[in-house]
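Here is how the chains run, residue by residue.
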Amino acid sequence: MSDKYDVLVIGGGPAGYVAAIRAAQLGMQVACIDKWLDPDDKPSLGGTCLNVGCIPSKALLESSEIFHRAQHEYAEHGVEIGDLGIDVPRMQKRKAKITGELTGGIASLFKANGIEWLQGHGQVQDSGKVAFKPHKGGKKQTLEADNIVIASGSEPVALDIAPFDGEYIVDSSGALAFDEVPGRLGIIGAGYIGVELGSVWSRLGSETVLLEAVEDFLPIADRQIAREALKQFRKQDLDIRLGARVLSAKTKGRGKNKTVVVEYEEGQDKQTAEFDRLIVAVGRRPCTDGLLASGARVELDDKGFISVNDAFRTSLPGVYAIGDVIGGPMLAHKGMEEGSVLAEILAGQKPHINYLTVPSVVYTAPEIAWVGKTEEQVKSEGTPYRTGTIPFAANGRAKALGQQAGMVKLIAHEETDEILGAHMLGPFVSELIQEMVVAMEFRASSEDIARIIHGHPTLSETVHEAALAVDERPIHVAMRRRRKAKS
Ligand code: FAD
Ligand code: NAD
């Protein structure tokens, strides 16, 4: 352990580990304190994302989708497989192997970059000082650094009316660890986690009910896309109840007969529902408990996020913050970019970060992805715009995949034709959206995309056609022109 570091990072999630690696690449002496312990009580890097977030959820989404396809789609291909079974512990073992490989990968990257991994709890004392308490009762030490980077992330919001008990009423981590398929599954919140984890267990056979407080489904997404997504999810037997205000959730009964009874209001009506398991997925809050010593004057905003300026400086000199703990979209790639940008700022460089082009993806089937402004935002700002929308049903590759639901919608400025937003529902749109992220980053017009060759047959042709549709000239969909053709 060193007497003094150039950079001391608190938190080894996507924001913190990227900041540490980039700072080390730039020649700084770096240490990263992280307190995460895996289910076997072993320290593990990667934070929420690698341990109980992005990666394990995608592993289970993949396993459950394979099962669902085998059950519902293989026969149409002429593939006969007889009786299907699910081995949840084996599915969980696969998930654990994937997360283990990735978290171990971060540890190897730390080693390769000469970053010290300090396993335990960090607390900011004052400018330049951090109290470090190692796991398992090791001696508390005060560490010094020229730059302290807080990347302590976020944790699930708890509801007093539905308190977590770790078994029947659980958060997302609990829902990723079920060792059998719940017969009846309730979920409070139909946001990212609600629909992703709801999809996992519903595909495996849970009767799944999502109770969502607001009347609009996925209010941050474009309305046209969200409406179609809701239709598709309901077709898959996800019972999404909008405008449902939960009043209480309590367990009743004993042993195998124990269930969770939820009371909620839908309009004026009081309803009761009974579930075998209940997931509470109503958002995440910044993780700052025990992070700041009483004398450390790091300002928080009214929601508890750490306040920073454009260069990620907090109110305490020499102390910076990035990732979920500073708010904005609580997404791994947003935190990673902030980590990289901050390290470059500390090295005296002038990097840029463009929050207008942070992509969002919901990994359901069909997937939902977007970047930039929704049609509602553009309209409310009074910006003149045109849209081009093409369904995947007109795409040969989507038909061959048997995944024709959904569409690509592009929004462009009516006068300059600059792309203002891209909104997608369909197969692999998590990958397709990246073309539009690049396009928007380079401030491309819809005409630029329309004039780029897209391989055939690929799903990306739907993006190409949507760009042509902005000018009312798609080739593979008949469209009546409202405007005069350009000469
Ligand atoms: P975190 O990943 O939360 O890491 C913070 C780290 O700091 C943790 O290891 C924590 O133990 C440690 N720490 C905190 N306080 C201290 C302290 N005082 N001392 C020492 N260590 C400390 N995002 C996506 O972009 N794509 C997805 O597909 C996606 N899926 C998700 C699925 C689920 C179920 C969940 C819950 C989240 C998902 N997210 C996804 C969100 C993503 O996980 C977060 O945005 C991301 O992990 C935030 O990164 P971070 O580094 O800011 O914080
Ligand atoms: P969320 O903000 O996405 O959704 C929470 C939902 O719960 C909202 O629709 C909200 O209206 C609803 N809600 C809030 N209080 C409620 C109540 N009392 N009763 C009923 N409904 C209520 O939050 P989340 O799903 O918990 O996910 C947390 C965050 O993690 C996300 O915002 C996202 O940033 C991140 N995440 C991202 C991904 C991804 O990128 N694919 C996946 C999972 C999580």
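Each residue is numbered by its place in its chain's sequence as written, counting from 1. Labels follow written order: the first chain is A, the first ligand is 1, and so on. Residues qualify for local features only when their pLDDT is at least 70, as the model is predicted, and side-chain atom pairs are given and counted only at 80 or more; totals for whole chains, interfaces and linings, by contrast, use all residues. The side-chain figures draw on all heavy atoms in the structure; neither hydrogens nor water molecules are used.

Quick look at the overall build of the chain now. Scanning the chain for helices and strands turns up 13 helices and 21 strands. Both definitions apply: the radius of gyration is a C-alpha atom measure, and the globule rule equals 2.2 Å times residues to the power 0.38. Whereas a compact globule of 487 residues would reach a radius of gyration of roughly 23 Å, the chain reaches 24 Å, a difference of no more than 12%. Its C-alpha atoms put the chain at 70 × 65 × 50 Å along the principal axes. Categorising residues by exposure relies on relative accessible area from a 1.4 Å probe, with only protein chains included: less than 20% of the type maximum marks a residue as buried, more than 50% marks it as exposed, and the intermediate range marks it as partly exposed. When burial is assessed residue by residue, the chain has 51% of its 487 residues classed as buried. In what follows, residue pairs with any heavy atoms lying within 4.5 Å of each other are defined as contacts. Residue pairs at least 24 apart in sequence account for 61% of intrachain contacts in the chain once pairs closer than 6 positions are excluded. Accessible surface area values rest on a Shrake-Rupley calculation with a 1.4 Å probe, where residue burial reflects the displayed protein chains alone. Surface accessibility of the chain: about 23300 Å² in total, with carbon and sulfur atoms responsible for 50%. Note on conventions: DSSP H or I runs of at least 4 residues are helices, E runs of at least 2 residues are strands, and numbering of each starts at the N terminus.

Each domain's extent is set by a domain assignment, obtained either automatically or from a database. Split by domain assignment, the chain resolves into domain 1 (4-156 + 285-353), domain 2 (169-282) and domain 3 (357-470). Placing the centre of domain 2 and that of domain 3 at their C-alpha centroids yields a distance of 30 Å. Accessible area, probed at 1.4 Å, shrinks when two parts are joined; the buried area is that loss added up over both. Carbon and sulfur atoms supply 66% of the area buried between domain 2 and domain 3, which totals about 1600 Å² over both sides. When a carboxyl oxygen of Asp or Glu is within 4 Å of a side-chain nitrogen of Lys or Arg, the pair counts as a salt bridge. Between domain 2 and domain 3 we count one salt bridge in total. Asp222 is the salt-bridge partner of Lys409, the closest N and O atoms lying 2.9 Å from each other. A 3.5 Å cut-off defines polar contacts: any pair of N or O atoms within that distance qualifies, except that in protein one atom must be a possible hydrogen donor and the other a possible acceptor, and neighbouring residues in sequence count only when both atoms are side-chain atoms. Linking domain 2 with domain 3 are six residue pairs in polar contact (both at pLDDT 80 or more), by the criterion used here. Of all the elements, helix 7 (residues 223-235) adds the most residues to the side of domain 2 that touches domain 3, at seven residues.

Attention now moves to the packing of helix 1 (residues 14-25) against helix 4 (residues 88-112). Here an axis means a line fitted to C-alpha atoms, over the contact stretch when the element is a helix, while the angle between two N-to-C directions is reported on a 0 to 180 degree scale. One can describe the packing of helix 1 onto helix 4 by two numbers: an axis separation of 10 Å at closest approach and a directional angle of 25°. Taken together, helix 1 and helix 4 sit at an angle that is classed as roughly parallel. The element helix 1 and its partner helix 4 pack so that their crossing is left-handed. The residues of helix 4 that touch helix 1, namely those facing Tyr17, Ala20 and Ile21, are Ile106, Leu109 and Phe110. Per-class residue counts for the contact of helix 1 with helix 4 are six nonpolar, no polar and no charged. The scheme is simple: roughly parallel for angles under 35 degrees, roughly antiparallel for over 145, roughly perpendicular for 65 to 115, oblique for anything else. It is the rotation of the near helix from the far one that decides the hand of a crossing: anticlockwise by less than a right angle makes it left-handed, clockwise makes it right-handed. Residue classes follow a fixed rule: Ala, Val, Leu, Ile, Met, Phe, Trp, Tyr, Cys and Pro count as nonpolar, while Asp, Glu, Lys and Arg count as charged, and any other residue, Gly among them, counts as polar.

The next thing to look at is the pattern of salt bridges. Enumeration over the complete set of coordinates arrives at 23 salt bridges. Two residues, Asp289 and Arg285, come together in a salt bridge whose shortest N-O distance is 3.5 Å. The exposed category is assigned to Asp289, whose relative accessible area is 51%. The residue Asp417 makes a salt bridge to Arg386 at a minimum N-O spacing of 3.8 Å. With Asp417 in the loop between strand 20 (407-413) and strand 21 (419-426) and Arg386 in strand 19 (residues 385-391), this pair connects stretches of sequence that are 31 residues apart. On the accessibility criterion, Arg386 (10% relative accessible area) is buried.

Negative phi characterises most residues that are not glycine, and trans characterises most peptide bonds. In this chain, Ala365 is followed by Pro366 through a cis amide linkage whose omega measures 0°. Checked against the element boundaries, Pro366 lands in the loop between strand 17 (360-362) and strand 18 (367-372). Going from His456 to Pro457, the amide bond is cis rather than trans, its omega being -5°. On the secondary structure map, Pro457 appears in the loop between helix 12 (446-450) and helix 13 (460-470). In the Ramachandran plot, Phe312 falls in the positive-phi region, its phi being about 65° despite a non-glycine side chain. Position of Phe312 among the secondary structure elements: in the loop between strand 15 (284-286) and strand 16 (319-321). Residue classification places Phe312 among the buried residues on the basis of a relative accessible area of 3%. A positive phi angle is found at Glu472, which is not glycine, with a value near 55°.

In this section: the side chain of Ser340. You can see Ser340 is positioned in helix 8 (residues 332-346). Leaving out residues up to four positions away in the same chain, Ser340 has contacts with Val18 and Arg22.

What follows covers the site of ligand 1. Inspection of the region around ligand 1 gives 36 residues, with Asp34, Thr48, Lys58, Gly122 and Ala332 positioned closest. One nitrogen or oxygen atom from the main chain of Pro14 is found 3.2 Å from an oxygen atom belonging to ligand 1. Relative to its free-state accessible area of 990 Å², ligand 1 is covered by the protein chains to the extent of 94%. By residue number, the principal contributor to the shell around ligand 1 is helix 2 (residues 47-52), which donates four residues. Looking at the shell around ligand 1, its residues break down into 15 nonpolar, 16 polar and five charged. One heavy atom within 4 Å of a molecule or strand is enough for the residue carrying it to be called near that molecule or strand.

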